[in-house]
Amino acid sequence: MAASNERGSSSASRWPLAGVRVLEIGSEIAVPYATKLIADAGADVIKLEPGEAGDPLRRWTASDTELPADRDGALFQFLNASKRSVRCDPVTPTGRELILDLAASIDLVVEDLGPGVLDGCGLGFDALRARNPALSLVSLSTWGSTGPWIDRPATEWTLQASVGSTGYRGLPERGPVASGGRIGEWGAGTYVGVAAASALLSTRNTGAGQFVDVSMFETLVAFMTIQHDLSFQFNGGPLLQALETPSIEPAKDGWVGLCTYTGQQWKDFCSMIGRQDLGEDKRFYDATARMEHLALIQEAMHAWTREHSVDEIIESASLLRIPAAPIGDGRNLPEMDHLKQRGVFVDNPGGFVQPRPPYVFEKSRLRPIGAAPTFGQHTDEVKAELAIARPAITAGDGAPALPLSGIRVVDLTCFWAGPVATSYLAEMGADVIKVESIQRPDGMRFSGAVRNEIMWEWSHVFHGANSSKRDVTLQLESEAGMSLLLRLIEKADLVVENFSARVMDNFGLTWEKLSALNPRLSLVRMPAFGLDGPWRDRPGFAPNVEQVSGLAWMTGYEDLPLIVRGACDPLGGMHTVFAIFLALEHRRRTGEGQLVEVPLVEPALNLAAEQVIEYSAYGELLERAGNRGPAAAPQGAYPCADGEHLAIAVATDAQWQGLVAALGRPAWALADELASAAGRHANHDRIDDELRDWLTDQSVASAETKLLEAGVPASACVNAHFLHPNPQLEHRRFFQTFEHPVAGSLRYPGFPAQFSAFGPHLRRAPAPTLGQHNDEILREELGLSDAEIAKLRETKIVGERPTFM
């Protein structure tokens, strides 16, 4: 069904964003993915495309498959399904007038033209707001709209090096390796979608729009580092390049994914492979020690894994509650039994298979997948609509600008994906009450924590993922503790949890019970693999999600896939935030709460969607190629004279000419076959050899400066512990300092967007200590007396110190 017809259908009334109108002025992946999320939820997204051919992604295939002249690439069709296309160039007077006319009936404009471009066209936020005070403008740029680096050449791939992601992945003897699949663009699009939804919900409160400035660089800091600046503050020293062990290991019939984040999981893994001696050696509870003895560990692991099939290893691991997964790729993913049974892959009208939107709602409905528009298909239709009056949104009545002011969240999440989602809810104004117990605190309190007498307050990831919350401890195995939790839930708007699927039922916290207790409540569940299907009860952490989703398949050396390390948790959390916003919109319209399911694997499958799409559409299996990729050539991390590595990516002919100039126009670089992207890809080995020779007598800083001045995207492979100080992040006040009750003064990273209506900083408080707000919550929210609280503390139903420490 065409998008224009769908908007009038009876089912559209149940779309959470039905009636919302969006202008997309963007191309490639990031902004189109953000507006895809919005279009899937029912908004009318009008894609403005300039020139004679529109979005360059129309002609893109990662496998370089030749497309018929009248056929758009499958990835373009996936990202732009159900949108409308209008031929419009903002830099022309005609285009400018059309955009200003459209602005009167638009809720959101989402664009990626670069700092100052819309202003230079007379289409900046002030000009758009003059036509419609309720309109919000969301801008994505490489570095943000202001700062000393806004003109610094970069690609998504060099940004990975700039934030420190590339430098700590891989083996020291083989050099650093970036993540494949243009993941930085997908991740940035996720944050743009969340920022746009935040602005939209704020306008629901106030009637006023705002300017939202999103930095792709900052998004990569948020999801491609593991709170590394906080890690440096706690641990000091450089971050060492390393592999996780176990991770992706060779089996008898392929690769298998494993993960041991806890000491118990490591001990059980060692028992499984028949090496109890390694499990009993407490040195190896520390992943750093395993890396220091990598040859010993790998020999022990592979002696067992190579003798067993992938299925046998996963079955054995699952019986011991060791997280394990098969390694997914574009060919095998749609055939995996769990994903087939859950209906995760669906047909696109373009004739290929794609992942569905990454959340499942009990009551809300998402728009059916419509066809992507042809270039300019709806130009006349959209212009004709200008004559139709649309009711204006009235000015605000003094309601809080933060969209979740007045919302109460009971946070049962742990580790990273769930906590980072609920932390953002707190930053958007919600009162988030994190529920732990002294018998079972959030396990992330101990992961990577500083080894001291109160180590549970010294985990850098816990700090980064739990700011702005209140913390209460309740022993849920006790009748009294469960009763108090239910009283909190009775007054809550949201409950969010990310246990494995069986845990809530084991506690008796079924959706039927909670919805009967509080009909306006939404329960948001984030199991690794979903609430049903053959993998329902398997434990799973982010590495397993990266392993199975295809993200790991595109990352690593040609002969060794590697996990991305970090991306799935924060990006899964942000997709969960987007789903929560849709559930709140549904409740605003209907008064109903609902069950919302966001399996961590499904956002990852969307981020890796190109692999399945490419294989389904063209029969081409995309594979990793180390640091090389289809978007740029040359592209690599090259060693310099000082032992550091320099990331270089040439994505355009102009950048190639800049590289040639920076090299001094050597004869080899002037060869005709290198003048085109196809020729540079074909001669990548030769170019790499020449670049290595050029860099043998240059420091990384000197070479980086020369290339940047010539307009070539280049970046030192930064050590992630040394990201700060950074002039661009300091200019944008990305970090915010708090005084933590135990850890002292700490620099916390911010959200990678600046909202004109919310002020420069979103975090309101540091991460809470264990049970920090026990008395406050028990007394003020639940009405308990001092004597009753003392009794709870005496019986260890509440407390402030883990019982096992």
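Conventions we followed
Residues numbered from 1 in each chain as written. Predicted model: local features only at pLDDT ≥ 70, side-chain atom pairs only at ≥ 80, totals over all residues. Heavy atoms only, no water. Core = buried A, V, L, I, M, F, W, Y, C linked by side-chain atoms within 4.5 Å. Buried < 20%, exposed > 50% of the residue type's maximum accessible area, 1.4 Å probe, protein only. Helix = DSSP H or I, 4+ residues; strand = E, 2+ residues; numbered from the N terminus. Contact = heavy atoms within 4.5 Å. Phe/Tyr/Trp six-rings, centres within 6.5 Å; stacked < 30°, edge-to-face > 60°. Lys NZ or Arg CZ within 6 Å of the ring centre and 35° of its normal. Expected span 1.5 Å × (residues − 1). Patch = residues over 30% accessible without salt bridge, like charges linked within 9 Å, V, L, I, M, F, W, Y side chains within 5 Å. Areas by Shrake-Rupley, 256 points an atom, 1.4 Å probe, with all protein chains shown as cover. Salt bridge = Lys/Arg side-chain N within 4 Å of Asp/Glu carboxyl O. Lys, Arg positive; Asp, Glu negative; His and termini not counted. Charge placed at Lys NZ, Arg CZ, Asp CG, Glu CD. Axes fitted to C-alpha atoms, helices over the stretch in contact; angles between N-to-C directions. Parallel < 35°, antiparallel > 145°, perpendicular 65-115°, else oblique. Left-handed = near helix turned anticlockwise from the far one by under 90°. Nonpolar A, V, L, I, M, F, W, Y, C, P; charged D, E, K, R; others polar. Pairing = 2+ DSSP bridges.

J.: Explain the nonpolar core here, please?
T.: The nonpolar side chains of a soluble globular protein tend to be buried with one another. Grouped together as the largest cluster of nonpolar side chains are 123 residues, with contacts concentrated most on Y424, L425 and F755. For this core, the element with the highest residue contribution is helix 8 (residues 183-206), accounting for twelve residues. Among all residues touching F755, those that are not within four sequence positions of it are A195, S198, A199, Q210, F211, V212, Y424, M428 and L762. Membership of the second largest hydrophobic core comes to 29 residues, among which are L488, L782, L784 and I789.

J.: Just to check I follow, could you spell out the packing of aromatic side chains for this structure?
T.: For any pair of aromatic rings, geometry is given as the distance between the ring centres together with the angle between the planes. Inspection of the entire model under this criterion finds 23 aromatic pairs. Aromatic pair Y191 and F223: ring centres 6.3 Å apart, planes at 20 degrees, arrangement stacked. Of this pair, Y191 sits in helix 8 while F223 sits in helix 9 (residues 216-224); the two residues are 32 residues apart in sequence, bridging distant segments of the chain. Taken individually, Y191 and F223 each receive the classification buried, so the pair is uniform in this respect. Three or more aromatic residues link up through ring pairs in this structure, and these residues are Y191, F223, Y424, F751, F755 and F758. Across the ring face of W149, the terminal group of R152 is positioned such that the distance to the ring centre comes to 3.9 Å. It is R747 that lies over the ring of F735; its NZ or CZ is 5.7 Å from the centre.

J.: It is not clear to me how helix 8 should be interpreted in this structure. Could you clarify?
T.: An α-helical turn contains 3.6 residues, so any two residues separated by three or four positions project in the same direction. Under the 1.5 Å per step criterion, the end-to-end length of helix 8 is 35 Å for 24 residues, consistent within 8% with the ideal 34 Å. Extensive coverage of helix 8 is indicated by the burial of 22 of its 24 residues. Phi turns positive one or two residues past the end of helix 8, at G207, with a value near 80 degrees.

J.: When you look at a negative patch on the surface in this model, what are you seeing that I'm missing?
T.: A contiguous patch of negative charge, built from D253, D311, E312, E315 and D337, is present on the exposed surface. Considering every element that reaches the negative patch, the biggest residue donor is helix 15 (residues 310-319), with three residues. Structurally, E312 is set in helix 15. Looking at E312, the relative accessible area reads 36%, which means it is partly exposed.

J.: Before we go on, may I ask you to explain the packing of helix 8 against helix 24 (residues 568-590) in this structure?
T.: Each pair of packed helices can be described by the angle between their axes along with the distance between the axes. With their axes 10 Å apart at the nearest point, helix 8 and helix 24 run at an angle of 25 degrees to one another. Considering the angle they form, helix 8 stands roughly parallel to helix 24. Handedness of the crossing formed by helix 8 with helix 24: left-handed. Contacts between helix 8 and helix 24 pair G187, T190, Y191, G193, V194, A197, S198, L201 and R204 from the former with P570, L571, M574, H575, V577, F578, F581, E585, R588 and R589 from the latter. Within the contact of helix 8 with helix 24, the residues separate by chemical class into ten nonpolar, five polar and four charged.

J.: Even after reading the chapter, I still don't get the sheet that holds strand 22 (residues 645-649), so can you show me in this structure?
T.: Strand order across the open sheet formed by three strands is 21-22-23, with antiparallel pairing between neighbours. The open sheet has two free edges, formed respectively by strand 21 (635-639) and strand 23 (714-716), since each of these has just one partner strand. For this sheet the average axis-to-axis angle between neighbouring strands, irrespective of direction, equals 20 degrees. Judged from the five bridges that link them, strand 21 and strand 22 form a sheet pairing that is antiparallel. Bridging from a neighbouring strand, Q635 pairs with A649 of strand 22. Packing against the sheet, helix 7 (residues 156-163) makes contact with strand 21, strand 22 and strand 23, and its axis sits at approximately 160 degrees to strand 22.

J.: I tried to follow unusual backbone geometry on my own but got confused; where do I start?
T.: Most peptide bonds take the trans configuration, and most residues that are not glycine carry a negative phi. Omega for the peptide link from A633 to P634 comes to 0 degrees, which places this bond in the cis form. Note the cis peptide between H724 and P725, where omega equals 5 degrees. Positive phi is not limited to glycine here, since E28 has a value of about 60 degrees. With respect to the secondary-structure elements, E28 resides in the loop between strand 1 (21-25) and helix 2 (30-40). Backbone geometry at D64 places phi at a positive 65 degrees, although glycine is not the residue there. Along the polypeptide, D64 turns up in the loop between strand 2 (44-49) and helix 3 (74-79).

J.: Honestly, the pattern of salt bridges in this entry has me stumped. Any pointers?
T.: Once the charged atoms of two side chains with opposite charge are near each other, the side chains can pair. Summed over the entire model, instances satisfying the criterion amount to 57 salt bridges. Ionic pairing is found between D40 and K36, a salt bridge with its closest N-O pair at 2.6 Å. One end of the pair is D40 and the other is K36, both in helix 2 and four residues apart, which spans about a single turn. As far as burial versus exposure is concerned, D40 and K36 are alike and both buried. A salt bridge links D493 to R587; the nearest nitrogen and oxygen atoms lie 2.9 Å apart. Of the two residues, D493 sits in the loop between helix 20 (479-490) and strand 16 (494-497) while R587 sits in helix 24, which places them 94 residues apart along the sequence. Note on D493: relative accessible area 14%, which makes it buried. What makes R587 buried here is its relative accessible area of 9%. Three or more residues joined by partner-sharing salt bridges are found here, namely R21, D44, R84, E381 and E385.

Any functional reading would require information beyond the geometric quantities listed.
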